[in-house]
Structure formats: C-alpha cells, structure tokens
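# Summary of structural features
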Amino acid sequence: MIQLRDVYKSFGPKEVLRGFSLDVPEGKNTVLMGFSGGGKSVTLKLIAGLLAPDSGDVLVDGKNVPDLDADGLAMLRREIAFVFQFAALFDSMTVEENIRLGLKKQGMSADDQRVRVRESLALVNLEGTEGRYPAELSGGMRKRVGIARAVALKPRYILYDEPTTGLDPVTSAVIDDLMIRTRDLGATGLIVTHDLRTSFKCGDRIAMLYEGRLRAIGTGDELRRNTDPVVTGFIEGRPTTAAGVA
Amino acid sequence: MLRAAETRPPLPAGFFDEVGRITLRVSRAVGDVRTWRPVLLDQMVVLGVGSVPIAIFLAVFTGIVLALLASYIFTNTVPLYLVGSLVGKTVMMELAPVLTGMALAGRVGANIAAELGTMKVTEQVDALETLSYDPLAYLAVPRVLAATLMFPVVTAFAMLIGVFSGWIASTFILELPAQEFVRGLRQFYQFKDIWYGLVKAASFGTAVALMGCIKGLSSDGGAAGVGAAATRAVVLGCEAILVLDAFWAVVLL
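A brief look at the structure comes next. Here the structure is a predicted model, which is why all the values come from computation and not from measurement. (Residues numbered from 1 in each chain as written. Chains lettered and ligands numbered in written order. Predicted model: local features only at pLDDT ≥ 70, side-chain atom pairs only at ≥ 80, totals over all residues. Heavy atoms only, no water.)

### Observations regarding the overall build of chain B
The line we're drawing: Starting at the N terminus, helices and strands are each numbered in turn, a helix being any DSSP run of H or I of at least four residues and a strand any DSSP run of E of at least two. Buried means the residue's accessible area, taken with a 1.4 Å probe over protein chains only, is under 20% of the maximum for its type, while exposed means over 50%, and partly exposed covers the values in between. Residues count as neighbours in contact if any of their non-hydrogen atoms are within 4.5 Å of one another.
Counting its regular elements, chain B contains ten helices and zero strands. The order of α-helices and β-strands along chain B, N terminus first, is α-α-α-α-α-α-α-α-α-α. Projecting the C-alpha coordinates of chain B onto the three principal axes gives extents of approximately 85 × 35 × 35 Å. Here chain B holds 253 residues, and the buried ones make up 49% of them. Looking at chain B alone, contacts between residues at least 24 apart form 85% of all its contacts between residues at least 6 apart.

### Some words on the nonpolar core
This is how the line gets drawn: We call a set of buried Ala, Val, Leu, Ile, Met, Phe, Trp, Tyr and Cys residues a nonpolar core when their side-chain atoms join them within 4.5 Å.
Counting 139 residues, the largest nonpolar core has Ile47 and Leu159 of chain A as the members making the most contacts within it. At 16 residues, helix H7 (residues 135-172) of chain B tops the list of elements feeding residues into this core. Discounting chain neighbours no more than four positions away, the residues touching leucine 159 of chain A are Ile2, Leu44, Ile47, Ala48, Ile80, Ala81, Phe82, Val83 and Leu190 of chain A.

### Some remarks on the sheet that holds strand S8 (residues 188-193) of chain A
Residue and element names in this part refer to chain A. Selection rule: Following DSSP output, two strands are said to pair if at least two bridges run between them. All axes are obtained by fitting lines to C-alpha atoms, using only the stretch in contact for helices, and the reported angles, taken between N-to-C directions, cover 0 to 180 degrees.
Taken in spatial order, the six strands make up an open sheet running S6-S7-S8-S3-S9-S10, and their pairing is mixed. Across the chains shown, the open sheet's two edge strands, defined by having one partner strand only, are strand S6 (80-83) and strand S10 (213-218). When strand polarity is set aside, the average angle formed by the axes of neighbouring strands in this sheet is 20°. Pairing analysis gives five bridges linking strand S3 (residues 29-34) to strand S9 (residues 205-210), with the strands arranged parallel. Across the sheet, the residue bridging to glycine 34 is leucine 209, located in S9. On top of the sheet, helix H1 (residues 40-47) reaches S3, S6, strand S7 (157-161), S8 and S9; it is set at about 150° to S8, its chief contact.

### Digging into empty space enclosed by the protein
Residues and elements named next belong to chain B. Our working definition: Of the grid points, spaced at 1 Å and generated over the protein atoms alone, those admitting a 1.4 Å probe that cannot get out make up cavities, while open sets with protein on both sides within 12 Å along at least five of seven lines make up pockets; any residue with an atom within 4 Å of a point is treated as lining. Grid points are joined across faces, edges and corners, and a volume is the space filled by probe spheres set on the points.
Applying the stated criterion to the full structure yields four cavities of 30 Å³ or more. Roughly 50 Å³ of volume is contained in the largest cavity. Lining the largest cavity are Leu58, Ala59, Thr62, Val91, Leu95, Ala96, Leu99, Thr100, Ala158 and Gly162. The leading source of residues in the lining of the largest cavity is helix H5 (residues 82-121), at five residues.

### Quick word on the pairing of strand S1 (residues 2-11) of chain A
Residues and elements named next belong to chain A. Of all ten residues in S1, seven are buried; the element is thus mostly enclosed. Across eight bridges, S1 lies against strand S2 (residues 14-24) in antiparallel orientation. Residue pairing across strands places isoleucine 2 opposite valine 24, the latter belonging to S2. Between the antiparallel neighbours S1 and S2 lie two residues, among them glycine 12 with a positive phi of about 60°. Two elements, S1 and strand S4 (residues 55-60), share five bridges in a ladder whose sense is antiparallel. The partner of leucine 4 across the bridge, within S4, is valine 58.

### Notes on the sheet that holds strand S5 (residues 63-64) of chain A
Residues and elements named next belong to chain A. Here we have four strands laid out as an open sheet, ordered S2-S1-S4-S5, and antiparallel in their pairing. A strand with exactly one partner marks an edge of an open sheet, and here the two such strands are S2 and S5. Lying on the sheet, H1 is in contact with S1, S2 and S4; it crosses S1 at an angle near 115°.

### A short note on the pattern of salt bridges
Residues and elements named next belong to chain A. Worth spelling out the cut-off: Salt bridge, as used here: a side-chain nitrogen of Lys or Arg that lies within 4 Å of a carboxyl oxygen of Asp or Glu.
On inspection of all chains with the given rule, the structure shows 20 salt bridges over all chains. Across the pair glutamate 15 and arginine 18 runs a salt bridge whose closest N-O atoms are separated by 3.8 Å. Since its relative accessible area comes to 32%, glutamate 15 is described here as partly exposed. The exposure class of arginine 18 is partly exposed, given its relative accessible area of 23%. Residues aspartate 61 and arginine 156 are paired through a salt bridge, measuring 2.7 Å at the closest nitrogen-oxygen approach. Here aspartate 61 is found in the loop between S4 and S5, whereas its partner arginine 156 is found in the loop between helix H5 (139-152) and S7, with 95 residues between them in sequence. Note on aspartate 61: relative accessible area 33%, which makes it partly exposed. Given the relative accessible area of 31%, arginine 156 is considered partly exposed. Here the salt bridges do not stand alone but share partners, grouping Glu26, Asp61 and Arg156 into one network.

### Comments concerning the packing of helix H3 (residues 95-105) of chain A against helix H4 (residues 110-123) of chain A
Residues and elements named next belong to chain A. Note the following rule: Any angle that falls under 35 degrees is termed roughly parallel, while one over 145 is termed roughly antiparallel, one within 65 to 115 roughly perpendicular, and all others oblique. Two helices cross in a left-handed way if the nearer one is turned anticlockwise from the farther one by less than a right angle. They cross in a right-handed way if the turn is clockwise. Residue classes follow a fixed rule: Ala, Val, Leu, Ile, Met, Phe, Trp, Tyr, Cys and Pro count as nonpolar, while Asp, Glu, Lys and Arg count as charged, and any other residue, Gly among them, counts as polar.
Direction vectors running N to C along H3 and H4 enclose 125°, while the axes themselves pass 9 Å from each other. Here H3 is positioned oblique relative to H4, judged by the angle of their axes. Helix-helix and strand crossings are classified by hand; for H3 and H4 the assignment is right-handed. Residues Val95, Glu96, Ile99, Arg100, Leu103 and Lys104 of H3 pack against Ala110, Gln113, Arg114, Arg116, Val117 and Leu121 of H4. For the contact of H3 with H4, the residue count by class is six nonpolar, one polar and five charged.

### Side note on the interface of chain B and chain A
Just so we agree on the cut-off: As a working definition, buried area equals the accessible area (1.4 Å probe) given up by two parts on being put together, with both sides summed. Any pair of nitrogen or oxygen atoms within 3.5 Å is treated as a polar contact; in protein, a donor-acceptor pairing is required on top of that, and neighbouring residues in sequence qualify only through side-chain atoms on both sides.
With 20 residues of chain B in contact, the opposing surface of chain A contributes 27 residues. With both chains or domains summed, chain B and chain A bury close to 2100 Å², and 55% of this area falls on carbon and sulfur atoms. Our count for the contact surface shared by chain B and chain A stands at three salt bridges. The partner of aspartate 126 of chain B in a salt bridge is lysine 45 of chain A, and the shortest N-O contact between them spans 3.2 Å. Where chain B packs against chain A, one counts seven residue pairs in polar contact (both at pLDDT 80 or more). The greatest single-element share of the side of chain B that touches chain A, amounting to six residues, is contributed by helix H6 (residues 124-130) of chain B. Among the residues forming the side of chain B that touches chain A, the class breakdown is nine nonpolar, five polar and six charged.

### Topic: the layout of surface pockets
Once rolled over the atoms, a probe with the size of a water molecule shows which space is left empty. Of the voids in this model, the second largest pocket is the one considered here, and its volume is about 380 Å³. Along the wall of the second largest pocket there are 19 residues; nearest its centre are Ser41, Val42, Lys45 and Asp161 of chain A together with Glu123 of chain B. Of all the secondary-structure elements, those providing two or more residues to the lining of the second largest pocket are S2 and H1 of chain A together with H5 of chain B. With four residues, H1 of chain A is the single largest residue contributor to the lining of the second largest pocket. Its residues placed into classes, the lining of the second largest pocket shows six nonpolar, six polar and seven charged.

Don't take any of this as a statement about function, it's just geometry.
Structure (structure tokens):
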C-alpha cells in the first residue's frame, strides 16, 4: 500500500504540496486528478524516490521512501514501475533494448528477457516492433512501449504520469484499456491525469488535488455527486474554478 | 507544523558546491562496475576513436607552422637543425596535449553535455533511476573513464603526426636535410617529453568529461537549457585545461 502523510514540497518560493495526504489501496487503480502544475507529477516522483519531500512521510509497504538509502531505494524500485508522460524511452536504444534494460538490472537471463519482452509487447499490441527505435514510433506507440517497459518488470505498483495527454480519443481508449488490464493482472495503479474520461473509466477511486491538499476522494459516482464547487467546477470545466490553482 | 524547508538553512548554491557534490557521487558510482563496464567500450569508441581525425587535422598544421616559425626565429642566430628540437619538444610537451584537449573540449564536452542534458529534460535520467540504475554509474562514469583513457591515445596520435608534419615541412619548405631535423629532434629528447604530455592529456580528458557530465546532468529548461549547458561545458572544459596545464608545469617541470 502507498500512503502519503502530510507531505509538503516546495520549489523555491512555489509551494506545490501543502499537507497532502493520500492512501493508494492495493489491487485498485487510484486516479489523482487536478489542475496542471498542481503537484500531481511531483507526487508520483516523491513515491518513486526521484524527489524528496520537504517534510511528511511517503510510505510504500510501510517503508518511508525519503529515509531509504541507495540500496533500499533500488530494492523498492523493483516493486514500482513508472510510466512517464512522454514515455522517456532511451533514444539510442531499440524498443527491445528499452524493455530489456530493467530486466537486465534484475539479473534475468538473456532467454528469459527475450520471452518477457515478447509478452510485454504482445500485451500492448506492439508485436514486431522490437527492432525499431523510439524516433520511428508514433506518440501513442511510444506510450505503449513505455507501458510495456513498466509491465515487463512485473511490478506491484505502476505510476502513470498523464498517460493519455496529447493522444487522440481512440489511442487514449487503448491506453485506458491497458491500464485496466494491468490492474486486472494484479498491479496497483496510481494514475495522474486531468483527462476526465480516463479518470472515470480507469479509476476505482478518484482523488482530487487542489492547492496542494487533498480536496475530495471517492468512486467516480461519489465524485460526480460531490457538491464542492471546486470539484464540480473542475468536472464541468468552469473557468472560474482555475482562479484558485496553486 | 514546522516545515523542513523553514528549519533547514539552504545550502549555498554555486559552481564549487555542484562540482564537489557530483564528484563525490561519481566516486561512489565508480564502485558500481557491473553497471558501467558494459558501456565503457562504446564510449571509448565514440569519444576517442571519433576524435582522431580532428586531432590529426590540428597536428598537421601545428607541425608545419612550428617548423616555419622556428626557422624564422633561428635563421642567422641558431643552427637550423634545432628546428627539430623545437618542433619535437613543443609538440610533445605542450601543443599536442593542449590543442587536442581544447578541440576535444568542444567536441567531447559539448557532446556529453548535450546528450545528458537532453536525457535529463526528457526524463530519461529519471527513467533510468526508476529502473534501479544509478545514472552516474550508467552515464557519467563510463564517459569520464573513456575520456581519461582515450585523450592520451588521441594525443599520442597528434604528437606523432605533429612531429612528422614538422619534419616534412622542414624538408620540403625549409630544405633542411631530414637527418639534420632528426639530429635536432634527438639531441634534447627525453622520455619525459612524452609521458608529461600524456599525463596532461589524461587529466584534460577527466576534466572535459566531468564538466560535460556536470553541466548535462544539471541542465533544465528544455532546448535552451541544453544549449546553455553544452556551451558552459565547453567553456569550463577549456578553462580547466588551461588551469591544469599550469598545474602540471609547476608540479612536473
């Protein structure tokens, strides 16, 4: 289980998180939505240990991520996979090499790596792209390779950073289905997005981050029934709601 | 609740802090041999072998100019066979390592800073971390080691070509007999001339690659940030070469 407890994070004078708390239960997809620049991606980076909070606890399976040393962090990252907003594929490597890099680090044999690469690419419907370079792929394909790279590690947690941003509706739907499939395969997902369709389709629970704090949390239906003007304003896309963006 | 940002005084920011912090982390990453060893050979080819043509180009013209300059200075004052001494000593001890270093500061330093900077701003460095790789062990260590090992090799080529082109220029332009040039070359030659130049070249390689890694991995702000990082890496690399050149002159001469 992932838990954030009273987390603060600033970048210079900009306070991004101001006492943010959130529980991410196992076996479910939790969506974290909110305004752009509101600290959603920062939250994912805190969980993955890519950033350290100014204060507060970021707990993964009871271990406080900021307290972990390099070895502890490496162990933790075997349980957590990260799908980056723009896929963050390694340009100089083929699709296969991109996926194998993490497997190599886990000490997997070359034959097992090949099998796992094939399985992962099949899961995202990209069989036959092993030898292609990221520059030869469309945006949607790159994102799917990013998901394949994450899934190949068979992680317990997958952190998705804006997985459908910038994609056409059909490709977005494909990515949505993939996130549901990975959950059904047993991975716990934390999906950061401001795409409402993705939020309501993939989120077993949806949390809203506003002004650095948790503003609302619940199932899709509960959030739709929420009468908080910030929540309803965000869902309905009322411009006046944006006045309070952190 | 008191926030840590308010209770902890901010570290003084600055270049030397940045260099110190990253150098310390690089030292730790050096121990992660399993991560950097598979990448080292590729980097030696990219940074070293790819730099040989530019080093040869520089050395050819440096040797010619030195021979002509020596002849101009020595005529009617010093025996002309000493052109060989001046060309040999100057190329091996100073011009081959420094000019090659400067040229490679542009080629290698900018290459490293731009590559790592692009990886940084496109989150590829973060992606490496999430795959349990230490970015310094995977990205910085093989580049610094490759440059440290390959700068002396490239410089050795430059020494050879520089002296050879000086000899050709003396023979065909100054009409100095070949054996006279060789006589001058051998008269004051010491083995130290070569290893002094190569030790300097190795230190230049370390400095240039280190600057490229530091500026690349600390770059931000998109394409403009990567461009600025590459420029800064070249400038710092050149400055480091001049400082190290003076340092080795004081220590070893």
